[in-house]
Amino acid sequence: RRKQEIFEERKNQTLNRIIAGVAHEIKNPLMSIRTFASLITAQGDDPEFQTAFREYVPKEVDRISKMIETLINYARPPREHKDVIRVSELVRDCMSLAYLSSKKNIPIECDVPEDVSVYANGDQLRQALVNLMINAIEAVENKMQQTDGDSGETLFVRVTGYRENGHFVLE
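Predicted model, so just to flag it, every value in this text is computed and none were measured.

Calculation rules
- Residues numbered from 1 in each chain as written.
- Predicted model: local features only at pLDDT ≥ 70, side-chain atom pairs only at ≥ 80, totals over all residues.
- Heavy atoms only, no water.
- Helix = DSSP H or I, 4+ residues; strand = E, 2+ residues; numbered from the N terminus.
- Rg over C-alpha atoms; globule rule 2.2 N^0.38 Å.
- Contact = heavy atoms within 4.5 Å.
- Disulfide = S-S within 2.5 Å.
- Buried < 20%, exposed > 50% of the residue type's maximum accessible area, 1.4 Å probe, protein only.
- Pairing = 2+ DSSP bridges.
- Axes fitted to C-alpha atoms, helices over the stretch in contact; angles between N-to-C directions.
- Core = buried A, V, L, I, M, F, W, Y, C linked by side-chain atoms within 4.5 Å.

Caption draft 1: Spotlight on the overall build of the protein. Regarding its fold elements, the protein presents four helices and five strands. Going residue by residue from the N terminus, the α and β elements of the protein occur as α-α-β-α-β-β-α-β-β. For 171 residues, the compact-globule estimate of 2.2 N^0.38 gives 16 Å, and the C-alpha radius of gyration of the protein, at 19 Å, exceeds that figure by more than 25%. A principal-axis box enclosing the C-alpha atoms of the protein has dimensions of 60 × 45 × 35 Å.

Next comes the structure, spelled out in structure tokens:
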């Protein structure tokens, strides 16, 4: 029971950090959509404006929707059943959440084959990966603070996946 309480506490801490990042990221596309909406009366007949509106606004709405869907999937209580999980999609979802928690926008690179699937509990994998990525980001942020960002090297987090001895490994 205590292990579950600790797990939930850590998950809530992570969620709070991610939510702050999501809120910030959602504001940007919402401001763009608001700008387009305010211009529609003045420029609604302009074909260039109509084209930009048709292309840009749905993309921004989709971007917001994807962020919220990823957050909901992370926050969902763990299920006990397993599914076939496409590893590259899972890693990209986790990267989005972890990136949102970064204070300094540490780049995250992904080197995971597209064709790999595993049979696992997706919720538990998602939570573990997000936590690991956030820990990696924090380690990079700490290194940057120690060197005052003057180390001359480009710092980032890389997620790599490969097969080894009949298993699939993520680093």
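Caption draft 2: Quick look at the side chain of Asp-93. Here Asp-93 lies in helix 3 (residues 87–101). Those residues within four positions of Asp-93 in sequence are excluded, and the remaining contacts are Lys-66, Thr-70 and Arg-126.

Caption draft 3: Inspection of the state of the cysteines at higher detail. Within this structure, the stated rule accounts for zero disulfides. The closest cysteine sulfur to the non-disulfide-bonded Cys-94 is located on Cys-110, 10 Å from its own sulfur. Judged by relative accessible area, Cys-110 falls into the partly exposed class, the value being 34%.

Caption draft 4: Layout of the sheet that holds strand 2 (residues 108–111). With mixed pairing, three strands are arranged side by side in an open sheet as 2-4-5. Single-partner strands in this sheet number two, and they are strand 2 and strand 5 (167–170). The mean inter-strand angle of the sheet, taken between neighbouring strand axes irrespective of direction, is 15 degrees. In terms of strand pairing, strand 2 meets strand 4 (residues 157–164) through four bridges, oriented parallel. By the bridge assignment for strand 4, Asp-111 is matched with Thr-160.

Caption draft 5: How the structure looks around the nonpolar core. Core analysis: the largest hydrophobic core is formed by 29 residues, its most contacted members being Ile-18, Val-91, Ile-108 and Met-133. For this core, the secondary-structure elements that each account for two or more residues are helix 1 (2–43), helix 2 (47–75), helix 3, helix 4 (122–147) and strand 4. Residue contributions to this core peak at eight residues, all from helix 3. Leave out the neighbours within four places in its chain, and Val-91 touches Cys-110, Val-112, Leu-129, Met-133, Val-159 and Leu-170.

Caption draft 6: Representation of unusual backbone geometry within the structure. Positive phi outside glycine occurs at Asn-165, with the angle close to 50 degrees. The class of Asn-165 is exposed, set by a relative accessible area of 71%.

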